[in-house]
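# Structural overview
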Amino acid sequence: VQLQASGGGLVQAGGSLRLSCAASGITFSSYAMGWFRQAPGKEREFVAAISWSGGSTLYADSVKGRFTISRDNVKSTVYLQMNSLKPEDTAVYFCAAGFTPNTHEYDYWGQGTQVTVSS
């Protein structure tokens, strides 16, 4: 199983980025997907999750209204559109695959992509 995140980079506060996570080795359309992040010296933090069909989503309060999770089951890819970025969004972002969209319980975890938001 591989979950490869990409799309990170350096952006100014108020800017936008779109992250992608391409999955292989699993039947992608059968899995809920989640995005998490971890900043230096901090614990891993839930960001957003989406059901296998895309019909149900879940967001952390800190990103609600600014971030949007979506998926393309044909491309086996989940996305995270991040708008109105803040310096406190700086972290390594990574995706995970699981049974249901939730804040912590996932079966597979991927490598991350660095997001840095400058003030």
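Above this text sits the structure in question.
A brief look at the structure comes next. Keep in mind the model is a prediction, meaning the values are calculated, not measured. (Residues numbered from 1 in each chain as written. Predicted model: local features only at pLDDT ≥ 70, side-chain atom pairs only at ≥ 80, totals over all residues. Heavy atoms only, no water.)

## A look at the nonpolar core
Core analysis: the biggest nonpolar cluster contains 37 residues, and Met33, Trp35, Val78, Leu80, Met82 and Tyr93 have the highest contact counts within it. Those elements that provide at least two residues to this core are β1 (2-6), β3 (17-24), β4 (32-38), β5 (45-50), β7 (67-72), β8 (77-82), β9 (91-98) and β11 (113-118). In terms of residues, this core owes the most to one element, β9, which gives six residues. (Core = buried A, V, L, I, M, F, W, Y, C linked by side-chain atoms within 4.5 Å. Buried < 20%, exposed > 50% of the residue type's maximum accessible area, 1.4 Å probe, protein only. Helix = DSSP H or I, 4+ residues; strand = E, 2+ residues; numbered from the N terminus.)

## So, the pairing of β7
In β7, alternate side chains face the same way, and those of Phe67, Ile69 and Arg71 are buried while those of Thr68, Ser70 and Asp72 on the opposite face are not. Bridge count between β7 and β8: six bridges; the pairing is antiparallel. Note that in β8 the partner of Asp72 across the bridge is Thr77. Here β7 hands over to β8 after four residues, with Ser76 in that stretch at a positive phi of 55°. (Pairing = 2+ DSSP bridges.)

## A closer look at the environment of Arg18
Among the structural elements, Arg18 can be located in strand β3. Given a relative accessible area of 47%, Arg18 falls into the partly exposed group. For the pair Arg18 and Phe67, spaced 49 residues apart in sequence, the C-alpha separation works out to 9.3 Å. Not counting the four nearest positions on each side in its chain, Arg18 is found in contact with Ser6, Gly7, Tyr79, Leu80 and Gln81. (Contact = heavy atoms within 4.5 Å.)

## A few points about the pattern of salt bridges
This model, assessed by the stated rule, comprises four salt bridges. Arg37 is the partner of Glu45 in a salt bridge, and the nearest nitrogen-oxygen pair spans 2.8 Å. Look at Glu45 and you get partly exposed, because its relative accessible area is 32%. With a relative accessible area of 6%, Arg37 lands in the buried category. Across the pair Arg66 and Asp89 runs a salt bridge, and its minimum N-O distance is 2.7 Å. Of the two residues, Arg66 sits in the loop between β6 (57-59) and β7 while Asp89 sits in the loop between β8 and β9, which places them 23 residues apart along the sequence. Linked through salt bridges whose partners overlap, the residues forming this network are Arg37, Glu45, Arg66 and Asp89. (Salt bridge = Lys/Arg side-chain N within 4 Å of Asp/Glu carboxyl O.)

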